[in-house]
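Each chain, written out:
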Amino acid sequence: MNKLASLISGIIFGIGLVISEMVNPAKVLGFLDLFGDWDPSLAFVMMGALAVSSPLFHIIKKKEKPLLAEKFNYSNNKTINNQLILGSALFGAGWGLGGLCPGPAITSVALLNIYSITFVVSMFVGFYLVKSFNLSSSR
């Protein structure tokens, strides 16, 4: 049941990404271009997502356990370290340069856009390199 709920949630999330055009790198880059031809429309998408998810997060967090799992699985880590800063900087740079982040990139592969496919392949190569060089936080 947990896997079915995850699949349905992922499909709904992907549909939302396509409808909001977050799978369109030009749309995302237009949102990030604050001093050029700025497109504020994705801010409304984010505000809508926060308006729905924030209250639900706080309501659900008060439950003893999730509906389809044994326990909640979220981090209480509040430590800011070099790995967090470097990872955040790399994520932001990749998002700003490419106009995609992992969720929308994977979703946009279904549209058979060569740019998105190249992005996702490169992203997985990066995951492999981090693991190969033992740069992950599992040290």
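Check the entry above for the structure.
Residues numbered from 1 in each chain as written. Predicted model: local features only at pLDDT ≥ 70, side-chain atom pairs only at ≥ 80, totals over all residues. Heavy atoms only, no water.

A.B. asks: Tell me what's going on with the nonpolar core, and back it up with residues and numbers.
C.D. replies: Leu17, Met22, Val23, Val28, Phe31 and Leu42 form the largest nonpolar core, which has six residues in total. Setting aside residues up to four positions removed in sequence, Val28 forms contacts with Met22, Leu42, Trp95 and Gly99. (Core = buried A, V, L, I, M, F, W, Y, C linked by side-chain atoms within 4.5 Å. Buried < 20%, exposed > 50% of the residue type's maximum accessible area, 1.4 Å probe, protein only. Contact = heavy atoms within 4.5 Å.)

A.B. asks: Before we move on, can you summarise the packing of helix 1 (residues 2–19) against helix 5 (residues 102–109) with the specific residues and values?
C.D. replies: For the pair helix 1 and helix 5, the least separation of the axes is 10 Å and the interaxial angle reads 90°. Here helix 1 lies roughly perpendicular to helix 5, going by the angle between them. Residues Gly14, Leu17 and Val18 of helix 1 form the contact with helix 5, whose participating residues are Gly103, Pro104 and Thr107. Of the residues assigned to the contact of helix 1 with helix 5, the class counts are three nonpolar, three polar and no charged. (Axes fitted to C-alpha atoms, helices over the stretch in contact; angles between N-to-C directions. Helix = DSSP H or I, 4+ residues; strand = E, 2+ residues; numbered from the N terminus. Parallel < 35°, antiparallel > 145°, perpendicular 65-115°, else oblique. Nonpolar A, V, L, I, M, F, W, Y, C, P; charged D, E, K, R; others polar.)

A.B. asks: With reference to specific residues and values, describe the environment of Gly87.
C.D. replies: Relative to the helices and strands, Gly87 resides in helix 4 (residues 82–98). Taking the C-alpha atoms as reference, Gly87 lies 28 Å from Val52; in sequence the two are 35 residues apart.

A.B. asks: Describe the pattern of salt bridges, naming the residues involved and giving the relevant values.
C.D. replies: Here the idea is simple: oppositely charged side chains can pair when their charged atoms come close. Within this structure, the stated rule accounts for one salt bridge. Note that Lys27 is salt-bridged to Asp39, the shortest N-O span being 3.1 Å. Here Lys27 is found in helix 2 (residues 25–32), whereas its partner Asp39 is found in the loop between helix 2 and helix 3 (41–61), with 12 residues between them in sequence. The class for Lys27 is buried, based on a relative accessible area of 17%. (Salt bridge = Lys/Arg side-chain N within 4 Å of Asp/Glu carboxyl O.)

A.B. asks: Pulling in residues and values, what's your account of the packing of aromatic side chains?
C.D. replies: To describe a pair of aromatic rings, you give the distance between the ring centres and the angle between the ring planes. All chains considered together, the criterion is met by two aromatic pairs. Centroid distance Phe31 to Trp38: 6.4 Å. Interplanar angle 35°. Geometry classified as tilted. On the basis of relative accessible area, Phe31 is assigned to the buried category, the value being 14%. Residue classification places Trp38 among the partly exposed residues on the basis of a relative accessible area of 39%. An angle of 85° between the planes, with centres 5.3 Å apart, marks the rings of Phe124 and Phe127 as edge-to-face. (Phe/Tyr/Trp six-rings, centres within 6.5 Å; stacked < 30°, edge-to-face > 60°.)

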